[in-house]
Amino acid sequence: MTNDFAKKAMSVVAGVVPAVVTSSAAVATEGTGEWFGVDDGRLLAVLFLVHWGILTLWLGSYKDADEDEDFFGEIDYTRQNK
């Protein structure tokens, strides 16, 4: 039983470690030694809260949108302006 657990644990670690290592570039410090180059935690909080707020508004409006519907299908290209 222990050998089976060890194999599963190693496979999980093998899957997680590359993801963590490759995503560490996303939190690049840009010389400040802080995440995303922001040296004030309040500014970092505002950045995330504003983006989450916009995402919440967008999902509230468009989460039930039909993905199969063609956006440009409603435009009548044959209409002639007079």
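For the structure given in this document, a descriptive report is provided here. In this text the structure is predicted, and so the values were computed from the model without any measurement.

The number of helices and strands found in the protein is two helices and zero strands. Looking at the 82 residues of the protein, the share that counts as buried comes to 2%.

Attention now moves to the packing of aromatic side chains. All chains considered together, the criterion is met by two aromatic pairs. With 5.8 Å between their ring centres and 40 degrees between their planes, Phe 48 and Trp 52 make a pair best called tilted. In this pair, Phe 48 and Trp 52 both sit in helix 2 (residues 41-62), four residues apart, roughly one turn of the helix. For Phe 48, a relative accessible area of 34% gives the class partly exposed. Here Trp 52 falls in the exposed class, since its relative accessible area comes to 52%.

Moving on, we get to the pattern of salt bridges. One pass over the structure, following the stated rule, counts two salt bridges. Between Lys 8 and Asp 4 there is a salt bridge, with the nearest N and O atoms lying 3.9 Å from each other. Here Lys 8 pairs with Asp 4, and both are found in helix 1 (residues 2-23), just four residues apart, close to one helical turn. For Lys 8, a relative accessible area of 52% puts it in the exposed group. Taking the relative accessible area as the measure of exposure, Asp 4 reaches 42% and is therefore partly exposed. For Arg 42, the salt bridge identified is with Asp 40, shortest N-O distance 3.0 Å.

As a further point, take a nonpolar patch on the surface. On the surface, Leu 43, Leu 47, Phe 48, Leu 49, Trp 52, Leu 55, Trp 58, Leu 59 and Tyr 62 cluster together into a nonpolar patch covering about 930 Å² of accessible area. Here Leu 49 lies in helix 2. The class for Leu 49 is exposed, based on a relative accessible area of 57%.

About the thresholds
Residues numbered from 1 in each chain as written. Predicted model: local features only at pLDDT ≥ 70, side-chain atom pairs only at ≥ 80, totals over all residues. Heavy atoms only, no water. Helix = DSSP H or I, 4+ residues; strand = E, 2+ residues; numbered from the N terminus. Buried < 20%, exposed > 50% of the residue type's maximum accessible area, 1.4 Å probe, protein only. Phe/Tyr/Trp six-rings, centres within 6.5 Å; stacked < 30°, edge-to-face > 60°. Salt bridge = Lys/Arg side-chain N within 4 Å of Asp/Glu carboxyl O. Patch = residues over 30% accessible without salt bridge, like charges linked within 9 Å, V, L, I, M, F, W, Y side chains within 5 Å. Areas by Shrake-Rupley, 256 points an atom, 1.4 Å probe, with all protein chains shown as cover.

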